[in-house]
Amino acid sequence: MKSAELRRAFLEYFRGEGHVILPSSSLVPNDPTLLFTSAGMVQFKDIFWGKVPPRYPRVTTCQKCFRTTDLERVGTTPYHHTFFEMLGNFSFGDYFKEGAIALAWRFLTRELGLPKERLWVSVYEEDEEAYAIWRDGIGLPPERIVRLSKDQNWWGPVGNSGPCGPDTEIYWDWGDPPCGPDCKPSCDCGKFSEVWNLVFMQYDAQPDGTLKELAKKNIDTGMGLERMSAVLQGVRSNFATDLFQPILEELGRLLPSPLEVPRGPTPEPYPPLVLADHIRAVVFLVADGVLPDSEESRGSVLRKVFLRMFRHADRLGIPGPALLRLVEPVVATLGGVYPEIVERRALVERVILAEAEVFRRRKEALDRLLARLPAGTRVVSGEVAFTWYDTHGIPRDFIEAEAQEHGLSVDWDGFERELQAQRARSRHTVAYDTVGVTSADAVAARPTKFVGYHTLVAETALEAILDEAGRPQAVLSAGAEGHLGFPETPFYAEAGGQIADTGWVENLSRPGRAEVLDVQKGPHGTLHKVRVLEGEFRPGDRCRLLVDEPRRKAIQRAHTATHLLHAALRQVLGEHVIQAGSWVGPEELRFDFTHFAPLAPEELARVEELAFAAVLRDLELRIEELPLEEAKRRGAIAHFEEEYRGKERVRVVQVPGVSMELCGGTHVSRTGEIGPLVILSEESVAAGTRRIRALVGERARRYLAELRAERRKLAALLEAPEGEVLAKAEKVLAELSGLRKESERLREELALLRARELAARAEEVNGTKLLGAVVEGDPEAVKALADRLAELLGRSVVVLGTAHAGRGFLVAKVLGVEKVSAGDLVKAGAQVLGGSGGGRPTFAQGGGPKAENLPQAVAAALARARSSLAAA
């Protein structure tokens, strides 16, 4: 049975048993505690945990999964994988042990037709109920029911408490002779292959270790599609199934000799199996929006997979870009089930090419660094490894892998000491961060209420004054700087990439006026950094807070523009684009986003066009507060979801028909308020992260006006109408290029004439042409002239001198004369110049500060040459 037939048969069987077929969820789970979807139950975790009610009592899925727990074992066994498919059926408070076991048994023996006598099971050693069902209900002989410990037949809880319970596992017997008297399903001899695990979520584990029966018991089962396909196709390795054979066949075309799939474990990873596994993981992770990066995140895990894949390709002599050929068999095999890998194939291939280049550069750099190690080195010191990591940007995993390749170990303890020392140094350079307030008495413990979405002026009481060191003060007088705390404020504190408002505070209780320089959030509220311009301030004073309105509006224009740019980038480049950071100032912005390659000029132009189109439509923004899940159901994008998780309500900023994002910043009311929008540049800021810089509003207008003025100046200089500046410039440049070529040709002719003129002055000594002269030109031109003269003269000795930058320069060229050394000639001449020189017997150069002695220096060199020739 083919794998596709098995997948379809499983789902249809359970549909017939009252289950609803649900699609696979993404490899990126909607759960901040998990990096990846590693099992079929992940998308139902909140149901199992009792957080949400189930929509259906019975469901079945084929879930794509990704794990790296056994990454280093991939390629050493027939069944370890990073990416795999998990067939599963789930019951939420419906059937339990008896139903789950009966359903599984019928599917295996009736639907798939597996011989009953080849099936074994294991149960938790204390689960008498499951044992009895297998023995009495199914009729399985007791000798094929194995009781195993909690380590092998128990699931959960995740952490110290939560749902858990025993499980039962079903094994296929390959028919090999027993490895010994105790040979059974827990044995690693290869006789048995686990094909299905049925988890009985029966208990709620308490923090004290006790177990309570769950009111509603659940079933979670998992059958590895790859393993069961191997059983049905009669092969001992998952890699020999139709899921992997097309990949390995294409890989074989890249190799000089045929490859074979090992039937059993190998002591070292077998590179073809590593590539066949990892290419599937790469295709699916990228298609689900994971891009490689160097941070501790999903992207760093993907980069580790890339590193391992390219390393093993390198061992086979396959260049990284050639692995693009393995994408087609993955898409052909699984694209019909998972259309996202078809839709995002181009993205996958671009990421592979980009990562292949990253691998090549890093490997070449590290190979050079390794070559510089002292001879006999066996251990790379922690200091050296950290320098490679910190200065040269080579990841730790890369260093470790390449060091092993060269038979070296690394002092990682020393590396950690260097890393901690650097972090300690970094802590001494701390930016302004609410001046380290820790006293609960200094500022009210409740958060400061922000009223600046709807007003830029507010009257309120001054609650606290802090000095620059964060100490409470009774008064802040004219000329002093400090920090003021209020129960509410219209000033936006720096957050989410948007810079803080500035403005003024007026004292209504006594004479006093202060300029607000910065606003930051702290653990006890919002602090306003101020400079008192006149009068004084005391706690309890009634104050009027006034935000600098033109500046705020300029910032708002830029902030809303980032949303438009983000939407445009996703439309042009794909949904893998995610905001990775931003800086929003007055009519100026930087926007960082995930992408793996520079934008083509036409892509950047299209992004600007789409963003500005939304400005021209003058769309009214819709801003509302919603529960997080409701916001996400509506399609709101949460770039940094951990900032919002746990909040009852979140702020949703929508540009109708363009974008919808969770955002706490301030925005324009209508997109038309943004005005002109101009992208200045696009560049890389880190691996997998790009940055756009842009201007909006008045600053964009001024920028365009400056460009227009420059264009007018160019038109005047080129004596052309403004509309024809480019054509005229191209024409002028073409003419200039032609003149340069003609000038170069004339220079060549002149140099040849000059060389022939000099060559005619050569004397002959014992069959060797001897020529010396002081000429004009820089050292490089004189070297070229010496070469040309030697070519004209044949067997010859040429000595030339020139004055350059206040020094005398000497060059000697010897062609076909073994008895004369150019180095000796230059040394003799350079002494006359008050300097030194040397080189090869056929070519040498030197010089000295006494440029006025050049004729004598050339003469001295020629005299040495004559002496050598006469002796010959």
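Residues numbered from 1 in each chain as written. Predicted model: local features only at pLDDT ≥ 70, side-chain atom pairs only at ≥ 80, totals over all residues. Heavy atoms only, no water.

A. Main features of the sheet that holds strand β32 (residues 807-815). Overall, mixed pairing links the six strands, which are arranged β29-β30-β31-β32-β34-β33 in an open sheet. Every interior strand has two partners, whereas the edge strands, β29 (763-765) and β33 (836-839), have only one. Across the sheet, the mean angle separating the axes of adjacent strands is 20° when strand polarity is ignored. One ladder, built from four bridges, connects β33 with strand β34 (residues 843-848); its direction is antiparallel. Each bridged residue has a counterpart across the sheet, and for G837 the counterpart in β34 is G846. Here helix α21 (residues 822-832) sits on the sheet in contact with β31 (796-804), β32, β33 and β34, set at roughly 155° to β32. Against the sheet, helix α22 (residues 854-871) contacts β29, β30 (768-774), β31 and β32, and its axis sits at roughly 170° relative to β30. (Pairing = 2+ DSSP bridges. Helix = DSSP H or I, 4+ residues; strand = E, 2+ residues; numbered from the N terminus. Axes fitted to C-alpha atoms, helices over the stretch in contact; angles between N-to-C directions. Contact = heavy atoms within 4.5 Å.)

B. Summary view of the state of the cysteines. Within the structure shown, the criterion is met by zero disulfides. The thiol of C65 is not disulfide-bonded; the next cysteine sulfur, from C62, is found 8.4 Å away. Its sulfur unpaired, C183 is 3.7 Å from the next cysteine sulfur, which belongs to C179. (Disulfide = S-S within 2.5 Å.)

C. A look at the packing of aromatic side chains. Overall, the coordinates contain 33 aromatic pairs when judged by the stated rule. Here the aromatic rings of Y13 and F14 are separated by 4.9 Å at their centres, their planes lie at 80°, and the arrangement is edge-to-face. The class of Y13 is buried, set by a relative accessible area of 9%. Plain terms: the ring middles of F44 and F90 are 4.8 Å apart, the flat faces sit at 55° to each other, and that makes the pair tilted. (Phe/Tyr/Trp six-rings, centres within 6.5 Å; stacked < 30°, edge-to-face > 60°. Buried < 20%, exposed > 50% of the residue type's maximum accessible area, 1.4 Å probe, protein only.)

D. Expanded view of the sheet that holds strand β26 (residues 659-662). Spatially, β24-β25-β26 is the arrangement adopted by the three strands of the open sheet, whose pairing is antiparallel. Two strands in the sheet have a free side with no partner beyond their single neighbour: β24 (622-626) and β26. Direction aside, the axes of adjacent strands within the sheet are offset by 20° on average. On the sheet, helix α15 (residues 549-573) packs against β25 (650-655) and β26 and is oriented at approximately 120° with respect to β26.

E. Structural view of the side chain of H576. When you line up the elements, H576 lands in the loop between α15 and β22 (579-585). Setting aside its immediate chain neighbours within four residues, H576 contacts L291, L347, T594, H595 and F596.

F. Molecular detail of the pattern of salt bridges. Tallied over the full model, the rule gives 62 salt bridges. E12 is the partner of R15 in a salt bridge, and the nearest nitrogen-oxygen pair spans 3.1 Å. Taken together, the residues R15 and E12, both in helix α1 (residues 3-16) and three residues apart, mark about one turn of the helix. Take R15: its relative accessible area is 46%, and that puts it in the partly exposed class. When the shortest N-O distance is used, the salt bridge between E624 and R634 registers 2.8 Å. A residue pair is termed long-range when its members are at least 10 positions apart, and E624 in strand β24 and R634 in the loop between α17 (628-633) and β25 qualify at ten residues. Residues joined by salt bridges that share partners form a network here, namely D314, K363, D367 and E402. (Salt bridge = Lys/Arg side-chain N within 4 Å of Asp/Glu carboxyl O.)

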